[in-house]
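Observations on chain architecture
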Amino acid sequence: MITRGKHAEIRLYEKQIRIFKTYKDSLYVDNEHFALSFLASQKIMNLHPKKESAHTISMDWIKETIQPDISNYKTRGHLRSQLSAYLKELHQLSFEKYGQYITHEDIFPDNVLKCCNTDKLIIIDWGLSKKRDNVYPDFASIIMGIFNEYPEDAAELITEYSGNLSNIDCELILRYVYELYEEYKNIRKSNNVEIKSLDSRLKQAINILNLLSG
Ligand SMILES: Nc1ncnc2c1ncn2[C@@H]1O[C@H](COP(=O)(O)OP(=O)(O)OP(=O)(O)O)[C@@H](O)[C@H]1O
Ligand SMILES: [Mg+2]
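Now for a description of the structure that goes with this document.

About the cut-offs
- Residues numbered from 1 in each chain as written.
- Chains lettered and ligands numbered in written order.
- Predicted model: local features only at pLDDT ≥ 70, side-chain atom pairs only at ≥ 80, totals over all residues.
- Pairing = 2+ DSSP bridges.
- Helix = DSSP H or I, 4+ residues; strand = E, 2+ residues; numbered from the N terminus.
- Expected span 1.5 Å × (residues − 1).
- Contact = placed C-beta atoms within 7 Å.
- Core = buried A, V, L, I, M, F, W, Y, C linked by C-beta atoms within 7 Å.
- Buried ≥ 20, exposed ≤ 12 C-beta atoms within 10 Å, placed from the backbone.
- Domains from an automatic or database assignment.

A short note on the sheet that holds strand β8 (residues 112-115)
- In spatial order, the strands read β6-β8-β9; together these 3 strands make up an open sheet with antiparallel pairing. Each edge of the sheet is formed by a strand with only one pairing partner; in this case those strands are β6 (65-66) and β9 (121-123).
- Across 2 bridges, β6 lies against β8 in antiparallel orientation. For I66, the partnering residue across the bridge sits in β8 and is K114.

Observations concerning helix α6 (residues 196-213)
- For α6, which comprises 18 residues, the first-to-last C-alpha distance of 27 Å matches the rise-based estimate of 26 Å (1.5 Å per residue) to within 8%.
- In the core, the buried residues of α6 are packed alongside α3 (136-144), α4 (151-162) and α5 (170-190).
- G214 occupies a position one or two residues after α6 and carries a positive phi of about 60°.

Some remarks on the nonpolar core
- Ranked by internal contacts, the top residues of the largest apolar core, which has 46 residues, are F139, A140, I142, I143, A154, I173 and V177.
- Sort the elements by how many residues they give to this core and α5 lands first, with 7 residues.
- The residues that make up this core include at least three from each of domain 1 (3-60) and domain 2 (65-213).

Focus: unusual backbone geometry
- Unlike most non-glycine residues, K43 shows phi in positive territory, near 60°.
- By secondary structure assignment, the location of K43 is in the loop between α1 (26-41) and β4 (50-53).
- Judged by the 9 C-beta atoms lying within 10 Å of it, K43 falls in the exposed class.
- Even without glycine at this site, D119 takes up a positive phi of about 70°.
- Structurally, D119 can be placed in the loop between β8 and β9.

As structure tokens, this is what we get:
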């Protein structure tokens, strides 16, 4: 085992080519496998996912990745545009195929990588992904996660995505923020990971949504 996340054990096999991720709850394997298979089928991102067993999924390990530096204004701006385009493509294509949107719902900094060779985004950790009737759970996840400390970027991303902030239902996003907060808290509790930081994230998310609703 090389690392232990909040969720899963990560192992490297076969000369560090594939990673095997084992979840206690098989639901997360199904979610992750479904989303990664869809991304591969649409040529958005192909990690060659394989369900090894009820509790284990394997995928390609992308060796040359960096975590984008979100503390840097320029890097963050670039990431924001890439993230918005990535989600838009995923949402549009999944809606065309299923009449529902595949959402990631765990868009935290450590789940967003960049391939050093291609500059492409690699979004990992799809265990919490779902099929939804709207895309707001992903906005909620961005506000709770990657742009929690950056309200202007959260606002800008939603504007870039949707064209106009005035069409956005902030109360509905807030409902998903609470839903995600509960989900994150339960997962962290069952994996003995601290939950205190989620409370400050929730407070900050509420501030961001107040700012958005102007
Ligand atoms: N396909 C991959 N290619 C390269 N690195 C990866 C890949 N999958 C996972 N990683 C690395 O392993 C870490 C943990 O993986 P992942 O986020 O999927 O598991 P997790 O147990 O759910 O973690 P956490 O709950 O802490 O976010 C990632 O943050 C990333 O650094
Ligand atoms: Mg993760």
